[in-house]
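An overview of the molecular structure
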Amino acid sequence: MPNHLYHLTANQVTCGIRNGEFSAQEYIFQILERIEKVDNKINAFILVDKQGAIEKARSIDKRLRDGGAVGELAGIAVGIKDNICIKDLKTTCASNILESYIPPYDADVIRRLKENDAIVVGKLNLDEFAMGSTTEFSRYGPTRNPWNLDYVAGGSSGGSAASVAASECAVSLGSDTGGSIRCPSSFCSVVGLKPTYGCVSRSGLISYSNSLEQIGPLGKTVLDVVMVMNAIAGIDENDQTTKPIRPIATRTSEDISTSNISSKYTAGQNKRNITIGLVKELIQGADPAVSKCIYTAVDLFEGLDCKCEETSMKSIQYALASYYTIATAEASSNLARYDNIRYGFDYDPEGYEWNTYFSNVRNNFGDEAKRRIIIGSYVLSAGYYGKYYLKAQKARERIRQEIKSLFERFDVLIGPTMPILPFKIGEKIDDPLKMYQIDIDTVIANLAGIPAISIPIGFSNSFPVGLQIMADYMGEQTLFDVASFFEKIVDVRRSPEI
Amino acid sequence: MVEVKIGLEIHCQLTGLSSKLFCPCQCDYRGEVPNTTICPICLGLPGTLPLLNKRAVAFASMISMALGCKVQERITFYRKNYFYPDLPKNFQITQYNAFGITSIGADGKVDLGAKSIGIRRVQLEEDPGRLIYENADVNANFYTLIDYNRAGVALVEIVTEPDFDNPKDVRLFLDKVTSTIEHLGVCDIKLDGSLRCDVNVSLKGGKKVEIKNINSFGDVEKALRYEITRQKTMLIREIEIKSETRHWDDARKVTMQSRTKEEEQDYKYFPEPDIPTIILGDQFISTIKAKMPELPDERKIRFLKDYALSDHVAKVLIDNKELADFFESTVKLYPSSPNEIAHWIISDLLGLVDDSKKEERSLLSGLRIEPKHIAELVKMIDQNKVNRNIAKSVLSQIARTGEMPSCVLDKMNASLIDSESKIAEAIDSIFELEISAVRDAKHNPNAMNFLLGKVMQMTRGRADPKITLNLIKARLARME
């Protein structure tokens, strides 16, 4: 039995368990021990389901001993962002408002993970209701970057990225509304995918901005992310915005992917003759410490039969304004239901008139959630709808159109995932505008509904740098082919010292 | 004449569905234990998404078509945001046409004969839950109970143009719309609260006053008459009419200013992102068209043609599907006299119905009369076995007991006496008593009628008048 099972990739874990190298129970005990040892430094977990994890591991081991069948993800320790509902486990969204909320149902992704015999080890930290880019806006305190504990892990899925980077779980699920999977993936040096809108069911994901967000996997390798995607992607009758996974043929689809019809994704196919568009606006707007790293990678790709060409995306100038208008508008309505009448936190209504009680309850939102509710209510109010919300939708449509035309020329578009390196905890928390601005590179994929992945590309001043790859609508397979190709070339995988 | 403008908003629950509008919960909440026909979706629990009921779209499309609307090719749902404890998500999923017509139906027309009423839109939306107060005076309660069983039940909202200028037309329109909805089979209008109506009234192009909480369609006309009088009085006294929402006080039959002053609410409408825009397509629409049942207007034409009914009689029958169905079942049993049957239904049968039942539009529920009864009764009349007066009392007897008419008649011993010998006996006794009349009768038809009346009186109306008259004539002739 190898030492430090917790450092293994998801693929290694499930292979090891199936081949009898170690048992699921042995592995999960090491994971739980690891969490115990390091999470007081990282603060990635809001809740650890020790008992549930051990029981699941035992049942997998028993089935294997009895010669029974196990699922594709058998034995893999998975962490779940705490805005995804798991039946009978507290789901808080890192908010006071949902402090004691226990969902009576599983999110569709959880059902699929359980069916595939993954082991859910716990719930992961996030910015309250996924609103933030650093995980500082959590009622449970910030998640720390495993590469430097004084620095932010990124967000809002900070717990999801940090837990994988710190080997507290093999893979995790996050949600990405404007970069919430890719930002922390970049800051923590893991692989994180924001799938095509409609690819993964949102049923059971506590809504922040319905038209933008998707659940997606984070892992140590592209292969791990692909394995999780194969489990969670697909049509769900409980989410009428899900669509069949049918990669749309691109110009060079024959060169890029041969698996257009297959509903299973693959990784590790060595693809050549890729046409890459390097988005000028994204790379120019980035910190030189970041862009230098990207250019080094691009040079590597160009040496390997990839056609790399700089291109421009003019509509980027509208992206942030459009994103924050739409996201806050939807958020203001989504968060209206938290009135503590049917569920929520412990607060006796006795003696209060409804309006007073309601105001007192709503005062329990954190500052950022309040800010977004107020902005969202404003942009939707009579007389301003046309000026803000409608205009934002028009800008969104323009971005979509421009992206569509770019994918007529390129297989993938690349750029930095984040324009800056991780920064110190507390550094930007008092400046919302500055905080919003760091989402510039990631919001585009959400506005256009296209898939985007962040992969580790190197280190700058000993901080991780992520490369963002975007593909056309339903072009996940293209992303995986290109990402695993790049992953092989750059090979920057290592573990932080904690 | 002061110009009056009235517009209506009708809410119709699609009780013909089995599940709610956005989740698989049973939609029949009536009589259920509070908070039992609910699920995470209709409770609006975090993370749940609405799942649009396809049959509800089909039903709403049928209503749209029946009201002469164009069914839209693309339909969208919107969120109407407001805070209220009976609203689980604190927004209602509805439809909205301010940013382009995306409601299921729009731009329709309902013909009322003398004029037609424009239908602005027909839309689908969800019903909220119900607040329950222990004390009837809302303000006297220390707590409110909430039952979410109704939350998420499918409603169709029908909004008219302000094309009415008097309450009577409103009544005619509501009768027609109600009958249409009944004929479509989408809503059981007899259920309490399945059909509700809010009205808007403005005078002389002035400010619009909305009246809510009108519990029955019968009260709509009363509420309108009251409100028009109120506003006219204010105009005369030069008091400004404010744009406001008033509530109909069912007990006092007046409109009252709402206690909570409803300001111009900003509902912050925006498209519901969880329900993609739906493209209905020609095939859907043609399938619905093919499945449309016979509508009141078509049925009326058929009644005029097949049964030779008068326009008025046909209208009364068809305005209430229950009556029209009753009529047709009766005619099936006894096809010879549709007109006689129709008259028995709309005058005599309806005469037995309480006013309260008329309000509920559940006319025949308390009576035990079935088509077979009317069929037999009319047949007996046609065969001169009973005269109309007796038939009427037979009918009221049937209403209580549900017995067949022949049976009732036997018990009443009231069948017409058609035996000539029995009638002759009666004539003999009358001729002995009324000697002077007999004398006059030879020349005076009035005296002959007097004798006939006496015979009828003696037989308590059971003697067949035709036979009796013939016998009297014959006897007088013999006397000469």
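Residues numbered from 1 in each chain as written. Chains lettered and ligands numbered in written order. Predicted model: local features only at pLDDT ≥ 70, side-chain atom pairs only at ≥ 80, totals over all residues. Heavy atoms only, no water.

With that settled, consider the overall build of chain A. When helices and strands are tallied, chain A shows 17 helices and 13 strands. Computed over the C-alpha atoms, the radius of gyration of chain A is 21 Å, within 12% of the 23 Å expected from 2.2 N^0.38 for a compact globule of 498 residues. Dimensions of chain A, computed from the C-alpha atoms along their principal axes, are close to 70 × 60 × 45 Å. Each of the 498 residues in chain A was classed as buried or not, and the buried ones make up 65%. For chain A, contacts bridging at least 24 residues in sequence account for 75% of all contacts bridging at least 6. Approximately 17400 Å² of chain A is accessible, and the part contributed by carbon and sulfur atoms is 48%. Measuring between centres, the 53 positive side-chain charges of chain A sit 2 Å from its 60 negative side-chain charges. (Helix = DSSP H or I, 4+ residues; strand = E, 2+ residues; numbered from the N terminus. Rg over C-alpha atoms; globule rule 2.2 N^0.38 Å. Buried < 20%, exposed > 50% of the residue type's maximum accessible area, 1.4 Å probe, protein only. Contact = heavy atoms within 4.5 Å. Areas by Shrake-Rupley, 256 points an atom, 1.4 Å probe, with all protein chains shown as cover. Lys, Arg positive; Asp, Glu negative; His and termini not counted. Charge placed at Lys NZ, Arg CZ, Asp CG, Glu CD.)

A separate point is the pairing of strand β7 (residues 116–126) of chain B. Strand residues, when the strand is regular, have side chains that alternate between the two faces of the sheet. Residue and element names in this part refer to chain B. The buried fraction of β7 amounts to 8 of the 11 residues, a majority that puts the element mostly inside the structure. Of the strand pairs in this sheet, strand β6 (residues 105–111) and β7 are connected by 6 bridges, and their pairing is antiparallel. Considered in β7, the bridge of G108 is made with I119. Counted along the chain from β6 to the antiparallel partner β7, the turn is 4 residues long, and its residue G113 has a positive phi close to 90 degrees. Across 7 bridges, β7 lies against strand β10 (residues 154–160) in antiparallel orientation. Each bridged residue has a counterpart across the sheet, and for E126 the counterpart in β10 is A154. (Pairing = 2+ DSSP bridges.)

Turning to the interface of chain B and chain A, a few remarks are in order. Taken residue by residue, the interface counts 33 residues in chain B and 39 residues in chain A. For the pairing of chain B and chain A, the buried interface totals around 2800 Å² over both sides, and the portion due to carbon and sulfur atoms is 60%. Here chain B and chain A share 1 salt bridge between them. In this structure, D274 of chain B and R202 of chain A form a salt bridge, with 2.9 Å as the shortest nitrogen-oxygen distance. Elements supplying a minimum of two residues to the side of chain B that touches chain A: β4 (78–81) and β15 (270–271) of chain B. For the side of chain B that touches chain A, the leading source of residues is β4 of chain B, giving 3 residues. Within the side of chain B that touches chain A, the residues separate by chemical class into 23 nonpolar, 5 polar and 5 charged. (Buried area = accessible area lost by both parts, 1.4 Å probe. Salt bridge = Lys/Arg side-chain N within 4 Å of Asp/Glu carboxyl O. Nonpolar A, V, L, I, M, F, W, Y, C, P; charged D, E, K, R; others polar.)

Let us now look at unusual backbone geometry. A cis amide bond links G155 of chain A with the next residue in sequence, S156 of chain A, at an omega value of 10 degrees. With respect to the secondary-structure elements, S156 of chain A resides in the loop between β5 (148–152) and α5 (158–165). The phi dihedral of A94 of chain A falls on the positive side, at around 55 degrees, and the residue is not glycine. Structurally, A94 of chain A is set in the loop between β2 (77–81) and α4 (108–115). Of note, K268 of chain B is a non-glycine position whose phi angle comes to about 45 degrees, a positive value. Along the chain, K268 of chain B falls in the loop between β14 (254–257) and β15.

So, about the domain arrangement of chain B. All names here are of chain B. If you check the domain split of chain B, you get domain 1 (4–287), domain 2 (294–412) and domain 3 (420–479). The gap between the C-alpha centroids of domain 1 and domain 2 is 34 Å. On the side of domain 2, 15 residues touch domain 1, which itself brings 17 residues to the contact. Buried surface at the junction of domain 1 and domain 2, both sides included, amounts to about 1300 Å², of which 54% is carbon and sulfur. If you look at where domain 1 meets domain 2, you find 1 salt bridge. (Domains from an automatic or database assignment.)

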